[in-house]
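Listed here are the chains, written in short residue letters.
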Amino acid sequence: MFKPSVGYVLMAGVLSFAFINAASAEPFNADLSRQYMSGDKVAYLAGVHTKKGLDCAACHTTNVISDSETEINKQCAICHGSLEQMGTKTSSQTPNPHKSHIGQMQCTACHSGHVPSVAYCTNCHDFPTLNKMKQGVTRLKAKFTDDLSKYEELKPVKIEKTDLLIVGSGAAGFTASMAAREAGVKNLIMIEKMAVPGGNSQLAAGGMNAAGTKFQKQAGIEDNPQLMFDDTMKG
Ligand SMILES: Cc1cc2nc3c(=O)[nH]c(=O)nc-3n(C[C@H](O)[C@H](O)[C@H](O)COP(=O)(O)OP(=O)(O)OC[C@H]3O[C@@H](n4cnc5c(N)ncnc54)[C@H](O)[C@@H]3O)c2cc1C
Ligand code: HEC
Ligand code: HEC
Ligand code: HEC
Ligand code: HEC
């Protein structure tokens, strides 16, 4: 649900293999396994695991990978423990990469299988120890020059229909969802581009701004809604 942008690309790859491998006990066929165990890919986290003698099935119990990667994350936790347990193991590191102040995070929000890993925290922070992960790349820099035309050829394998599509899982998105449910909309989908829901809203400290309050008057501060509006728009 929270990785919609990669979802279709992923499903396109996986569903076709689901067909080929229907009769096999292994989640992926031999050709695909070889492809994923050679070249650049071996440098990444899945390669580290296969070098330790673990096979594809360690992380992929089936050949279906959902957008949310829920089934993969279950496997990480079986072997390594939950985020909380990992947080105890790495508590001597500063900052502790497994101590999240932005709620529950999936392992794959940071650890990727077959592409470079990136610590999600570096979306907002510049922590030297997190700017490059072992199987990772240096801090991602936004590239606004990407050629998006390469995606034009992509065809979705799975099409979902909904009465209401809500883009973004911040306060506005969740409020809209709840209001729509209350108004009787039964079939709605909320999509989020980041690996963790909540947007800026989950960082807000709950402060309430107001203009021309009695506290300002008591302190001799002159203020009014227009001044606040102008100030906000300036910002
Ligand atoms: C550190 C901090 C402290 C703050 N403290 C306060 C406070 O005390 N009081 C206060 O009133 N305000 C505060 N604010 C401001 C407040 O948090 C924001 O104004 C408010 O949360 C905005 O809500 P939103 O739902 O519009 O956006 P967001 O909560 O940012 O939600 C937008 C969501 O949409 C997603 N999105 C964007 N584009 C796409 C796309 N193309 N596809 C899918 N998803 C997409 C984003 O990833 C994000 O999750 C604070 C902000 C910050 C950063
Ligand atoms: C350490 C766990 C792990 C192991 C081992 C692993 N994978 Fe993955 N795999 C992932 C994760 C995580 C993803 C989600 C995309 C990503 O992070 O690269 C994924 C995604 C995929 C996908 C979806 C397409 C894509 O590239 O994103 C395929 C296909 C796949 N893996 C095949 C394999 C094969 C074949 C093997 C065995 C050689 C294997 N995987 C071993 C973790 C693993
Ligand atoms: C079947 C058990 C198993 C599963 C499933 C598994 N791991 Fe591992 N993982 C291991 C083992 C074994 C090692 C090697 C430990 C060692 O050498 O000390 C390892 C190593 C690692 C390392 C250290 C790599 C390094 O270079 O030091 C990381 C990070 C990691 N795993 C993360 C994950 C994540 C994230 C997932 C899920 C996508 C996952 N693992 C799934 C067993 C597993
Ligand atoms: C969406 C942006 C965002 C993400 C992602 C994020 N943080 Fe933060 N972090 C903040 C904000 C905002 C503060 C609060 C700053 C303040 O109020 O002083 C903060 C504060 C902190 C602090 C205490 C202040 C400091 O700078 O020492 C630590 C430590 C921290 N974050 C670690 C992390 C770690 C570890 C992760 C990844 C698991 C992470 N953060 C992910 C935005 C983010
Ligand atoms: C916020 C990003 C983030 C998340 C989420 C995250 N990790 Fe990590 N993890 C890191 C970083 C950074 C390291 C430091 C090593 C490195 O650079 O790869 C690390 C190291 C590890 C190691 C190496 C062993 C050690 O003790 O240092 C293991 C195993 C591991 N993570 C497993 C997990 C598992 C399992 C989950 C999910 C429950 C998870 N991680 C979630 C960022 C993350």
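Worth saying up front: this structure is predicted, and the values here are computed from it rather than measured.

1. Re the environment of V185
Here is step 1: For V185, the location among the structural elements is in the loop between α6 (171–182) and β2 (188–191).
Here is step 2: In contact with V185, not counting residues within four places along its chain, are D163, L164 and A180.

2. Describing the confidence of the model for the chain
Here is step 1: Across the chain, the average pLDDT comes to 84, with 85% of residues at 70 or higher.
Here is step 2: Segment residues 1–25: pLDDT under 50, and 40 contacts once partners within four positions in sequence are set aside and those in other chains are kept.

3. Some details on the coordination of the iron atom of ligand 5
Note on metal sites: the ideal angle is 109.5 degrees for four tetrahedral donors, and 90 or 180 degrees for six octahedral donors.
Here is step 1: Those protein atoms acting as donors to the iron atom of ligand 5 are H98 (NE2) and H111 (NE2), and they sit at 2.0 Å.
Here is step 2: One can describe the donor arrangement at the iron atom of ligand 5 as octahedral, given that its 6 donor atoms subtend angles of 88 to 179° at the metal. In this pair, H98 sits in the loop between α5 (83–89) and β1 (164–167) while H111 sits in the loop between α5 and β1, placing the two residues 13 residues apart along the sequence.
Here is step 3: Classification of H111 by relative accessible area gives partly exposed; the value is 29%.

4. Focus: the side chain of N131
Here is step 1: With respect to the element layout, N131 can be found in the loop between α5 and β1.
Here is step 2: A polar contact is formed between the side chain of N131 and the side chain of D126, at a distance of 2.5 Å.

5. So, the site of ligand 1
Here is step 1: Close contacts around ligand 1 come from 18 residues, with A172, E192, N200, S201 and G207 the closest.
Here is step 2: Contact distances for ligand 1 include 2.8 Å between an oxygen atom and a backbone N or O atom of A172.
Here is step 3: Contact distances for ligand 1 include 3.2 Å between a nitrogen atom and a backbone N or O atom of K193.
Here is step 4: Considered on its own, ligand 1 offers 1,000 Å² of accessible surface; in the complex 55% of this is hidden by protein.

6. Thoughts on unusual backbone geometry
Here is step 1: Across the junction of T94 and P95, the peptide omega takes the value -10°, indicating a cis bond.
Here is step 2: As for its placement among the helices and strands, P95 is situated in the loop between α5 and β1.
Here is step 3: In this structure, E69 takes a positive phi of about 60° despite not being glycine.
Here is step 4: Within the fold, E69 resides in the loop between α3 (45–51) and α4 (70–80).
Here is step 5: Taking relative accessible area as the criterion, E69 reaches 11% and is therefore assigned buried.

7. Description of the coordination of the iron atom of ligand 4
Here is step 1: Ligation of the iron atom of ligand 4 by protein atoms is provided by H101 (NE2) and H125 (NE2), these donors lying 2.0 Å from the ion.
Here is step 2: If you look at the iron atom of ligand 4, its 6 donor atoms make angles of 87 to 178° with each other, and the shape they trace is octahedral. Residue H101 is found in the loop between α5 and β1, and its partner H125 is found in the loop between α5 and β1; the two are separated by 24 residues along the sequence.
Here is step 3: Looking at H101, the relative accessible area reads 60%, which means it is exposed.

8. Describing the site of ligand 5
Here is step 1: Around ligand 5 lies a shell of 19 residues, among which H98, C107, C110, H111 and K134 are the nearest.
Here is step 2: Within the contact set of ligand 5, an oxygen atom lies 3.0 Å away from a backbone nitrogen or oxygen of K134.
Here is step 3: Of all elements in the fold, only α4 and α5 reach the threshold of two or more residues within the shell around ligand 5.
Here is step 4: When the residues that make up the shell around ligand 5 are grouped by side-chain class, the tally is 10 nonpolar, 8 polar and 1 charged.

9. A word on the environment of T108
Here is step 1: Here T108 lies in the loop between α5 and β1.
Here is step 2: Here the alpha-carbon distance between T108 and S68, two residues 40 residues apart in the chain, equals 9.4 Å.
Here is step 3: A polar atom in the side chain of T108 sits 2.9 Å from the side chain of N73.

10. Side note on the nonpolar core
Within soluble globular proteins, side chains that are nonpolar generally end up buried alongside one another.
Here is step 1: L83, I102, M105, A109, C110, A119, Y120, L130, M133 and V196 together form the largest nonpolar core, which totals 10 residues.
Here is step 2: Leaving out residues up to four positions away in the same chain, L83 has contacts with H98, S100, Q104 and M105.
Here is step 3: Among the nonpolar cores identified, the runner-up in size contains 6 residues, and F28, C56, I65 and I72 belong to it.

11. Focus: the pairing of β1
Here is step 1: Relative to β2, β1 is paired through 4 bridges, and the arrangement is parallel. Bridge assignment links V167 to a residue of β2, and that residue is I191.
Here is step 2: Considered for its hand, the β-α-β crossover made up of β1, α6 and β2 is right-handed.

Analysis parameters
Residues numbered from 1 in each chain as written. Chains lettered and ligands numbered in written order. Predicted model: local features only at pLDDT ≥ 70, side-chain atom pairs only at ≥ 80, totals over all residues. Heavy atoms only, no water. Helix = DSSP H or I, 4+ residues; strand = E, 2+ residues; numbered from the N terminus. Contact = heavy atoms within 4.5 Å. pLDDT = per-residue confidence, 0-100. Donors = N, O, S within 2.8 Å, 3.2 Å for Na, K, Ca; no water. Tetrahedral: all angles 85-135°; square planar, octahedral: opposite > 155°, others 65-115°. Buried < 20%, exposed > 50% of the residue type's maximum accessible area, 1.4 Å probe, protein only. Polar contact = N/O pair within 3.5 Å; in protein donor to acceptor, adjacent residues only side chain to side chain. Near = heavy atom within 4 Å. Areas by Shrake-Rupley, 256 points an atom, 1.4 Å probe, with all protein chains shown as cover. Nonpolar A, V, L, I, M, F, W, Y, C, P; charged D, E, K, R; others polar. Core = buried A, V, L, I, M, F, W, Y, C linked by side-chain atoms within 4.5 Å. Pairing = 2+ DSSP bridges. Right-handed = clockwise from strand over helix to strand, strands pointing away.

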